[in-house]
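The primary structure of each chain is shown beneath.
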Amino acid sequence: MMPQLNETHDPALASWVDSANEPHCDYPVQNLPFGVYGDPKTGRGKVGVAIGDRIFDVAAANARGLLGGAADPAGTACDADTLNPLLVLGGHHWTALRAGLSRALRSGTEEGRLAEAEADDLLVPMADVEMQLPVRIGDFTDFYSSIHHATNVGRMLRPDNPLMPNYKYIPVAYHGRASSVALSGQACRRPVGQFRPGDAAEPSFGPSRALDFETEIGVYVGPGNPLGQPISIDEAEDHLFGLSILNDWSARDIQGWEYQPLGPFLAKSFASHVSPWVVTLEALAPFRCPAPARPDGDPSPLPYLSSDANEKEGGFDVQIAVSLASARMRADGIPPIDISLTNMQNLYWTIFQMLAHHASNGCNMRPGDLIGTGTISGPTEQALGSILEITKRGSQPLSLPTGEERRFLEDGDELIMQAWCEGDGRRRIGFGECRAVIEGP
Ligand code: CA
């Protein structure tokens, strides 16, 4: 385990794709995130890597011998309409492919000169294609790993005892629906469901009146494990391919009525949105940091959730910003307003602890499974990851520049999440964005 820095992370590298060298570009040659785009001619999904404002056709480059022999198995696996065949292969192949892509997209290499000569066949402008879901997701498990979020929500439900006694021992999660994971840009339809408004004696059935977002990071699982064979905390790194932005929409009124005793169900399964680009763990190596320090007096994780490597480098310094624009704001040409800025370092549990815990009973994880971190709220008012927390369950409405107010989300609202890593002389890399407009039921 332990992330390794190598030549692909060198902040001095530049690309022959000029747009990748802009200082605020999300996709410089140090990033190389994977996604699936519709071929402009056939519409069939193709695996691509984002570089500047272009997409590089991985399988086509591999077929022309531009990625080197070591990258060939992974390059061949990219001749597919999802990332799943690549996810199966595991870390050595992912590293070989990244090295080949980096050399082919870099300025000043022989591979780069050859690729540039064939740029017309290998690159498409992002603006000209439709992105598709990058992964055929088998299972979706959503954790609850920000102690700030768990405490804030718990306080609303149980003022005297906000945090359940298991929280500091178990990375708590529930099993979500993979079928309703949608791609950024698609609409979010307001769910209809059963809830009990205020102090009504009987529940009613209708459109949710308390629609919320949840600011999360999604983690895609690689090779996985056979049924009955757990993944240890030290092996966990080799089983995770990459991260993307995840918005886990939640209907708080439906949730509040249905969640006891078995947890969230229809309040969550109507939609979760992901961003189209998967940023690999290897690309994130320069932004690894210690697992968040536990406050004095908190228990140490049990041995199966504990390792030196996890403690030293289990965290990720990923910033996530959330902004909101109502339909009226967009009609008036008013830009979205920022409503949250949080960071993956606000998680109490690392993604490696989540995976090790998930597989600890022998549950088999499969390539393409999606793990959500849970809402990433931080300790300050600026770093709250849901509107439930921002408006204190609707009691302190958010004011929009149009004079509108929001207690929860309304039809026509557009929610935008962006994520990136930067700092300390390293090349900034971005995740792009995850956005969706809410439609009426
Ligand atoms: Ca969630």
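Residues numbered from 1 in each chain as written. Predicted model: local features only at pLDDT ≥ 70, side-chain atom pairs only at ≥ 80, totals over all residues. Heavy atoms only, no water.

Participant: Honestly, a negative patch on the surface in this entry has me stumped. Any pointers?
Facilitator: The grouping of D234, E235, D238, D308 and E311 at the surface amounts to a negative patch. Inspection of the secondary structure assignment puts D238 in the loop between β13 (215-221) and β14 (240-247). Among the residues examined, D238 registers a relative accessible area of 44% and is labelled partly exposed. (Patch = residues over 30% accessible without salt bridge, like charges linked within 9 Å, V, L, I, M, F, W, Y side chains within 5 Å. Areas by Shrake-Rupley, 256 points an atom, 1.4 Å probe, with all protein chains shown as cover. Salt bridge = Lys/Arg side-chain N within 4 Å of Asp/Glu carboxyl O. Lys, Arg positive; Asp, Glu negative; His and termini not counted. Charge placed at Lys NZ, Arg CZ, Asp CG, Glu CD. Helix = DSSP H or I, 4+ residues; strand = E, 2+ residues; numbered from the N terminus. Buried < 20%, exposed > 50% of the residue type's maximum accessible area, 1.4 Å probe, protein only.)

Participant: Any chance you could explain the side chain of D212 here in plain terms?
Facilitator: You can see D212 is positioned in strand β12 (residues 211-212). By relative accessible area, D212 is classed as buried at 0%. Engagement of the side chain of D212 in a polar contact is seen with the backbone nitrogen of L388, the distance being 3.1 Å. (Polar contact = N/O pair within 3.5 Å; in protein donor to acceptor, adjacent residues only side chain to side chain.)

Participant: Explain the sheet that holds strand β2 (residues 45-51) here, please?
Facilitator: Strand pairing in a sheet relies on backbone hydrogen bonds. The paired strands run either parallel or antiparallel. Strands sit in the order β4-β3-β2-β1-β5 across an open sheet of 5 strands; the sheet is antiparallel. Lying at the two open borders of the sheet, with one neighbouring strand each, are β4 (123-125) and β5 (131-132). The pairing of β2 with strand β3 (residues 54-57) spans 4 bridges and is classified as antiparallel. The partner of A50 across the bridge, within β3, is I55. (Pairing = 2+ DSSP bridges.)

Participant: Please explain the coordination of the calcium ion as it appears in this structure.
Facilitator: Within the first shell, the calcium ion binds the protein through D142 (OD), E214 (OE), E216 (OE) and D248 (OD), at distances of 2.2 to 2.3 Å. Of note, the calcium ion draws all its donor residues from one chain, in the sequence arrangement D-x71-E-x1-E-x31-D. One end of the pair, D142, is in strand β6 (residues 140-143); the other, E214, is in the loop between β12 and β13, with 72 residues separating them in the sequence. Overall, E214 belongs to the buried group, its relative accessible area being 3%. (Donors = N, O, S within 2.8 Å, 3.2 Å for Na, K, Ca; no water.)

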